[in-house]
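Inside the fold
So you can see what is in the structure, the chains are spelled out below.
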Amino acid sequence: MAVPRPAHGCGSGALLGRFGVLLQALLALCAFSTLMLKRFKEPKAERRPWRIWFYDTSKQAIGALFIHFANVFLSDLTEEDPCSLYLINFILDATLGMLLIWLGVKVVSWIVQHKKYTYLVFGEYGDPPQAAAWIGQCILYLLIMVFEKTVISLVLLIPGWTKLQQILLGYIPNPQLELVLVMFVVPFIVNAIMFWVVDSLIMRKYKQKDTLDINGSTETPRARRTEESQVLLSPDMDFDQSESDQDVSGLRGTSQKMKQPSYQVVI
């Protein structure tokens, strides 16, 4: 028996149908291509190696897949139009959820730097890069995504979303067109912006003043250059000091000779 479809909107199970899955695969390919474009837009002096780039972007991939399938699961729980409910979830993830992700990354980054858990600093994987650091950061980022989705799900329990769901896509009579808008057009535009912003948030900050080494100590580039210059110049400084001491002693002897009175013999 066929599942009845509402007068407007896609029917139950449309998000996981053949056409819906095809749109989702196309969305993933196009959205993550923006991260590759971002890498080539980076200055050559700061451009990440492919391995570091993969470590950074794969965290976003895991988080995005979790959010996506959570939205699909929550949308299929309703008897109403699942496409409009998915769109509401997505819009909340892109607005309020983006703020929660930013807050979560900032709080986690402050904690791991305060505790000097160097391998858990987002974008820092060691030299050479360690897979253990990447796994730990993936777990932290996934926990942030779980926190974000939990808050968004609680927000959806507030009354009033049903009316918005009814008018959001009610003017589109074609369910296939609605599915394309909900699962490809709108998510591609918003995901491209979100991926670009979040990647800048969790990647290694090459322009920061303080760098955190693998032992957890903080060293400024200016202090490092000063220390190197002291090491390089220390022998010359000793030599110059000895020469300057000899010059000073020579000058003192000359001045003493000049100060001695001269006597003339008058006959």
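Residues numbered from 1 in each chain as written. Predicted model: local features only at pLDDT ≥ 70, side-chain atom pairs only at ≥ 80, totals over all residues. Heavy atoms only, no water.

Glancing now at the overall build of the chain. From N to C terminus, the chain includes eight helices and two strands. Sequence-ordered secondary structure for the chain, helices as α and strands as β, is α-α-α-α-α-α-α-β-β-α. In the chain, 72% of the contacts between residues at least 6 apart in sequence involve partners at least 24 apart. Accessible surface, the chain: about 17,100 Å² in total, of which carbon and sulfur atoms supply 66%. (Helix = DSSP H or I, 4+ residues; strand = E, 2+ residues; numbered from the N terminus. Contact = heavy atoms within 4.5 Å. Areas by Shrake-Rupley, 256 points an atom, 1.4 Å probe, with all protein chains shown as cover.)

What follows deals with the pattern of salt bridges. Counting across every chain of the model gives seven salt bridges. A salt bridge links Arg 48 to Asp 199; its shortest N-O distance comes to 2.9 Å. With Arg 48 in the loop between helix H1 (18-41) and helix H2 (50-76) and Asp 199 in helix H7 (residues 175-202), the pair connects residues that are 151 residues apart, well separated along the chain. Here Arg 48 falls in the buried class, since its relative accessible area comes to 0%. Across the pair Lys 59 and Asp 56 runs a salt bridge whose closest N-O atoms are separated by 3.6 Å. Here the residue Lys 59 and the residue Asp 56 both occupy positions in helix H2, the gap between them amounting to three residues, near one helical turn. (Salt bridge = Lys/Arg side-chain N within 4 Å of Asp/Glu carboxyl O. Buried < 20%, exposed > 50% of the residue type's maximum accessible area, 1.4 Å probe, protein only.)

Further remarks concern a nonpolar patch on the surface. On the surface, Leu 96, Leu 99, Trp 102, Leu 103, Val 107, Trp 110 and Ile 111 cluster together into a nonpolar patch covering about 680 Å² of accessible area. Tracing the backbone shows Trp 110 in helix H4 (residues 96-114). (Patch = residues over 30% accessible without salt bridge, like charges linked within 9 Å, V, L, I, M, F, W, Y side chains within 5 Å.)

Further remarks concern the packing of aromatic side chains. Here the structure, examined in full by the defined rule, presents nine aromatic pairs. Taking the centre distance of 5.0 Å and the plane angle of 55° together, the rings of Tyr 55 and Tyr 125 count as tilted. Here Tyr 55, found in helix H2, pairs with Tyr 125, found in the loop between H4 and helix H5 (131-156); they are 70 residues apart in sequence, far enough to count as distant. The residues Tyr 55 and Tyr 125 share a single accessibility class, namely buried. Between Tyr 55 and Trp 134, the aromatic rings sit 5.5 Å apart at their centres with planes inclined by 20°, giving stacked as the arrangement. One end of the pair, Tyr 55, is in helix H2; the other, Trp 134, is in helix H5, and 79 residues separate them in sequence. Given the relative accessible area of 6%, Tyr 55 is considered buried. Pairwise contacts between aromatic rings join Phe 54, Tyr 55, Tyr 125 and Trp 134 into one cluster. (Phe/Tyr/Trp six-rings, centres within 6.5 Å; stacked < 30°, edge-to-face > 60°.)

Of all residues in the chain, 70% have pLDDT values of 70 or greater, and the mean over the chain is 76. Within the chain, the lowest mean pLDDT, 44, falls on strand E1 (residues 211-212), and the highest, 93, falls on H5. pLDDT under 50 marks residues 231-239. Its contacts with residues more than four places away, or in other chains, come to zero contacts. Counting interchain partners and residues more than four positions distant, the pLDDT-below-50 stretch residues 263-267 has zero contacts. (pLDDT = per-residue confidence, 0-100.)

With that settled, consider helix H3 (residues 82-94). End to end, H3 covers 18 Å across 13 residues, agreeing with the expected 18 Å (1.5 Å per residue, within 8%). Most of H3 sits out of view: 12 of its 13 residues are buried. Within H3, the full set of buried residues consists of Pro 82, Cys 83, Ser 84, Leu 85, Tyr 86, Leu 87, Ile 88, Asn 89, Phe 90, Leu 92, Asp 93 and Ala 94. (Expected span 1.5 Å × (residues − 1).)

Take the side chain of Asp 199 next. Classification of Asp 199 as buried rests on a relative accessible area of 0%. Those residues within four positions of Asp 199 in sequence are excluded, and the remaining contacts are Leu 35, Lys 38, Arg 48, Asp 56, Thr 57 and Gln 60.

The next subject is unusual backbone geometry. Backbone torsion omega between Asp 127 and Pro 128 reads 5°, so that peptide bond is classified as cis. Despite not being glycine, Lys 116 shows a phi value in the positive range, around 60°. Its location among the elements puts Lys 116 in the loop between H4 and H5. The class of Lys 116 is exposed, set by a relative accessible area of 55%.

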